[in-house]
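Descriptive analysis of the structure
Given next are the chains, with one letter for each unit.
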Amino acid sequence: MGDYLRPRDLDEALQALTRPFTVLAGGTDFYPARVGRTVAEDVLDITGIAALRGISETEKGWRLGATTTWSELVDAGVPPLFDGLKQAAREVGGRQIQNAGTMAGNICNASPAADGVPALLALDTQVELASLAGTRRLPLASFITGVRRTALLPGELVTSFHVPRPQHEARSAFLKLGARRYLVISIAMASVVVEVADDRIAAARVAVGACSPVAQRLPELEQALLGAPANAQLGERVEPGQLAPLSPIDDVRGSAGYRNDVALVLLRRLLSEVAA
Amino acid sequence: MKLQFTLNGRETDWDGAPVTRLAAALRDDLGVTGTKIGCDAGDCGACTVLLDGRQVCACLVAMGQVGGRSVETVEGLESGEDTIAALQKSFLDHGAAQCGICTPGMLMAAQELVRRNGKPTRAEVEDTLGGVLCRCTGYGKIVDAVMDVVAPSSDRAPVAGEAVGARIVRVDGHAKVTGRDVFGADAIPGDALWVRVVRSPYARARFELGDLAPLRRRLAAVLTAADVPFNGYGIYPDVKDQPVLADGLVRYRGEAVIALVGERADVMAIRDDEVPITWMPEVPVLGVDAAMAADAPLVQADKPGNLLLNGGVKRGDAAGAFEACAAVVEGTFETAFVEHAYIEPEAGWALRVGDRIEIHATTQTPYMDRDEVANLMRLKPEAVRIVPTACGGGFGGKLDLSVQPLIAIAAWTLGRPVALVYTRPESMAASTKRHPARVKAKFGCGADGKLLACDVTATFDTGAYASWGPTVANRVPVHAMGPYAIPNVRTWGEAFFTNGPPAGAFRGFGVPQAAIAHEAMMDGLADQLGIDRLEFRHRNALRAGDTTATGQTLAHSAGLAQCLDALRPHWQAAHEKIASFNATGGSRRRGIGVGCMWYGIGNTSMSNPSRMRVGLSPAGTLTLYSGALDIGQGSNTIMVQIAADAVGLLASQFALVTGDTDLTADAGKTSASRQTFVSGKAAEKAGQDLRQQILRLANAGPGATLSLDGASLSVRDGAELRTIDLVTAGPLMGEGMFDPPTTPLDADGQGVPYATYGFAAQLAEVEVDVELGTVKVLRIVAAHDVGRAINPTLVEGQIQGGVAQGLGLALMEEYLPGRTENLHDYLIPTVGDVPEIECLLIEDREPLGPSGAKGIGEPALVPTAPAILGAVHHATGVRVHRVPLLPHRLREAIVEKSRAEMT
């Protein structure tokens, strides 16, 4: 049996991290990886640290605490910019998982099919990391480096997410495709944020998940959307070539070709929906 | 770590490792076992509890996080002794609990919602229950129960003589909605040793064991093949091909190799790689093509060509008759391994009592377990006592032995209780599966749409061991022509060994696979001739008086045409709605399909008797002694209903003793949809026997009415009232036995394989997203000829649950060894996938059955996949040849079709 620490403040947690610990929060990835096994490693439980929880508005946007659960996010009074992230939150597992699972857990687990990641990418989210040496911020796209791999260094802990305030009226949405309703690993998913000024797209951020080792933004598509009228025809701007950053694989849930096809369909639908 | 928290309103102390899962702490440390464990991975929701009022999976919560917080479990729902909450009462009244293993989780998930909102919408209920899997009910009655939680319920206790046909609540329902029902893992003695099984990571390998002495020093025992007195078991008396522990050779991934026995923490702490096994993997034989290849390695040394069994039915001249057909269609259809996915993993414990061994485990078949364990241990059958626990779902998967041999052998030698509870991945890897099938079919009919000929070959992958493979290979040829009158028939079934998981019994014994083929043929012929698909089936439906392909003339109770008649108005109305929906264009297309089936009740051409007893004690206790196991389908309740009316006393006065091989007679296995028909008939006869004895004591005529009040039994015959003092009369015991009359099948499959058949027709409405390839089933209407519905609520529950499994078979379920060994990669339908299911009960009485009843368990599932696939074809023009129809497969077929149309 290993050690178990559940500190109340961040410094205590960072002190502990001078040696290796497995970080535990909502437990929704930790325990499933240990079915039928004795938990023997040293565990740092960060759910007791109040500073890591909750959503607040800042000068430049919003801060979302690392251990904010998906249900807390859904219940939060935040602007329509976050609608896509809320829709994603509602697609994470079932209600039980949403009540326990945390945002930081979702990104640190770094699954290619993490439901929270495309929406957070579309929000241009920055990840704040803390260690005894100080704090640093990384764009989410640089934080997740591969399948089950992140830029987290030894001694570091994800403490919060920062979503910048958009310059214009922003709308967002998320779509997930799975082989059943509820409790399903995504075959493909997409999230978009568009900013609208004078009925035209002034900024667009688009991300696709489960179609590459790490969910990807689609810069060419984002460019192509700029200046387009914000109406139900927006989806027609999506072209297959803009999906080049994706590199889907064949697996039990779908073939690579299929994933490419449906990513396109999801994006067209999403963009038409948010722009209409 | 010591901590305090509030459990169901009470301050509770707990001490232990803080990473302990809340679910384990509740069950193992605090003895609160209403919270069930189905997966330990957050995939099934069975362990759902409320933490500070919000639903969570107790298997994912560290006890270190629980200190100072409030935990609510199913035990906390009751407001006082015997006062269940409105939600629990609603579950009871709606028949929302079947096996009951998901019920506590469902209740707690629902509680999160109804506490805030007593009148929730369907969508809110679905969102709330989306994280709890149920494999029995098809969710409909659960959703209704939550939505109707504030509606007052009616009193449903029927008067004497009117129990049959009444919607009485399950006799075991109270235990299920309170979490008190005792399942396989719920009452393991505190001093039990535990078994952990080391299983093969390879589909085919030879292995050598190293020095086990160091492990043996750490543990109570390390069992190997050498410790099993007779190391072979199997369903058939002459096929004992499956070892309890592999002996130098494994034939499938998940096969048991070594059993570690010791204190629970000790056996769990030992990793597989600490066990000295040297593996020599070999190329596995996977799939029937590999098994049939000329140079295929043998899976079983004594089975040349890897052939388990083959045989067929021949009537008329099928080959010749095709020449005369106005329309002929052909097709080949493939299905996958399908997992039962009962929410209760295999579990139980054993104890040696003198020279006998007692096994308390979850099972569908106590007497077969008794005889198998006796054979393995070289004991007399009487030296083995099976005490079945409540069974948290079976569907055929708990007909084979699981935990029983290892706990029995260990308890026998160690003299202590020994327990074994499978993990979810272990349950999935070790247990039997539905047979993957390749069904090649050719059907022809005349210009009048009357079927003239059929030729079907069904090839099955039976996996590594025989299990119920022979049953599948025998049953399918009898059913493969479908429920239709066809003069010229050739059907053939064959099963081959592979290094896949043993394929065994799964709701339908191969018939669901065959039905996918014959129903596609019906659609094809109807379309070719421009006849409505439902009318085409109606024209060809087997009716009373018709002779089947095995030469059996159906004297009674062949209600397929009535089922189709009942569907017709729904069919026509839906066609119109769908046409107008599709006329609007867009990426979503709707379609409707119909599927028909017939299903022989009971064993195929084999004796399968049931014996039941009804006793009346001197104290006035009326007891049904039933060996028929209720695995959720409701046999406990309907046996009481049948026996009550047969005796002429109130169902509510019955006590029930069930399953225990020391206390009940052999009522056979809960399989083949046989319990209502076979054991129900035996219960009826037992009740009648007791009634005869009472009438004789009272010297009363057959029309006398009885009433029981304590030890006093009143018999009113016309104007005369006699009272029997039961103390003076002494104990009374009525007994009944029934074995359905069948005959063996000859070389051409001619004979009477079953005494009666269930018939059904279902229609499915679907919406296909043609751009994504997804299929949403919008509605199912299911018409079933059940002979007589002993309890319509339970019959509906069986139909809805069967439909949900048929939907899974059609659209999402595919077991891949080593890849989908958990409930997040292996998908079964959630509450959001199963549509409204309307049940139409057709009661074409079967004179042999109790009050005319037949069976419903398997018939419920068989027509669903064909109806859905027919609807997909109607919507898209794509005929599906492989299930599950995953989104990418349908999308690829749609693309292929439009490409073909363009060229």
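One structure accompanies this document, and this report is about it. These figures come from a predicted structure and were not determined experimentally.

1. Observations concerning the overall build of chain A
Of regular secondary structure, chain A possesses nine helices and 14 strands. Relative to the 2.2 N^0.38 estimate, which gives 19 Å for 276 residues, the radius of gyration of chain A is 19 Å and therefore close to what a compact globule would have. Referenced to the eigenvectors of the C-alpha coordinate spread, the extents of chain A come out at roughly 60 × 45 × 30 Å. The 276 residues of chain A split such that 59% are buried. When the accessible surface of chain A is split by element, carbon and sulfur atoms take 50% of a total near 10500 Å².

2. Things to note about the interface of chain A and chain B
Contacts between the two partners involve 45 residues from chain A, matched on the other side by 59 residues from chain B. Considering only the surface of chain A that becomes buried against chain B, Tyr31(A), Gln96(A) and Arg180(A) emerge as the three largest contributors, covering 18% of it. Linking chain A with chain B are four salt bridges. No other element matches the six residues that helix H9 (residues 256-275) of chain A contributes to the side of chain A that touches chain B. Residue composition of the side of chain A that touches chain B, grouped by class: 23 nonpolar, 12 polar and 10 charged.

3. Overview of the sheet that holds strand S4 (residues 55-57) of chain A
Strand pairing in a sheet takes place through backbone hydrogen bonds and is either antiparallel or parallel in direction. Residues and elements named next belong to chain A. Across the sheet, which stays open at both edges, the five strands sit in the order S4-S5-S10-S6-S7 with antiparallel pairing between neighbours. Two strands lie at the open edges of the sheet, namely S4 and strand S7 (134-139), each paired on one side alone. Neighbour to neighbour, the strand axes of the sheet diverge by 25° on average, direction disregarded. The pairing of strand S6 (residues 126-131) with strand S10 (residues 157-164) spans five bridges and is classified as antiparallel. When the bridges of S10 are listed, Leu129 appears paired with Val158.

4. Quick word on the pattern of salt bridges
Scanning all chains against the criterion turns up 79 salt bridges over all chains. Between Arg253(B) and Glu821(B) there is a salt bridge, with its nearest N and O atoms 2.7 Å apart. Of this pair, Arg253(B) sits in the loop between strand S9 (249-250) and strand S10 (256-262) while Glu821(B) is found in the loop between helix H21 (792-811) and strand S31 (836-842), placing the two residues 568 residues apart along the sequence. Under the relative-accessibility criterion, Arg253(B) is labelled partly exposed at 28%. Notably, a salt bridge pairs Glu843(B) with Arg788(B), separated by 3.8 Å at the nearest N-O pair. With a gap of 55 residues between them, Glu843(B) in the loop between S31 and helix H22 (864-876) and Arg788(B) in the loop between strand S30 (774-785) and H21 connect regions that are remote in the sequence. Through salt bridges that share partners, Arg269(A), Arg588(B), Arg590(B), Glu767(B), Asp769(B) and Glu771(B) make up one connected network.

5. Some remarks on the layout of surface pockets
Roughly 780 Å³ of internal volume is contained in the second largest pocket. What lines the second largest pocket is a set of 31 residues, among which Leu177(A), Gly178(A), Arg181(A), Thr774(B) and Lys776(B) lie closest to the centre. For the lining of the second largest pocket, the per-class residue count stands at 16 nonpolar, five polar and 10 charged.

6. Points about the side chain of Thr756(B)
Residue and element names in this part refer to chain B. Within the secondary structure, Thr756 is located in the loop between strand S28 (732-738) and strand S29 (757-769). Relative accessible area serves as the criterion here: at 2%, Thr756 is assigned to the buried category. Within the structure, the side chain of Thr756 is placed 2.7 Å from the side chain of Glu846, a separation counted as a polar contact. Setting aside residues no more than four positions away along its own chain, Thr756 makes contact with Tyr599, Gly600, Ile601, Phe677, Glu846 and Lys854.

Thresholds applied
Residues numbered from 1 in each chain as written. Chains lettered and ligands numbered in written order. Predicted model: local features only at pLDDT ≥ 70, side-chain atom pairs only at ≥ 80, totals over all residues. Heavy atoms only, no water. Helix = DSSP H or I, 4+ residues; strand = E, 2+ residues; numbered from the N terminus. Rg over C-alpha atoms; globule rule 2.2 N^0.38 Å. Buried < 20%, exposed > 50% of the residue type's maximum accessible area, 1.4 Å probe, protein only. Areas by Shrake-Rupley, 256 points an atom, 1.4 Å probe, with all protein chains shown as cover. Contact = heavy atoms within 4.5 Å. Buried area = accessible area lost by both parts, 1.4 Å probe. Salt bridge = Lys/Arg side-chain N within 4 Å of Asp/Glu carboxyl O. Nonpolar A, V, L, I, M, F, W, Y, C, P; charged D, E, K, R; others polar. Pairing = 2+ DSSP bridges. Axes fitted to C-alpha atoms, helices over the stretch in contact; angles between N-to-C directions. 1 Å grid on protein atoms, 1.4 Å probe; cavity = no way out; pocket = protein on both sides within 12 Å on 5 of 7 lines; lining within 4 Å. Points joined across faces, edges and corners; volume = space filled by probe spheres on them. Polar contact = N/O pair within 3.5 Å; in protein donor to acceptor, adjacent residues only side chain to side chain.

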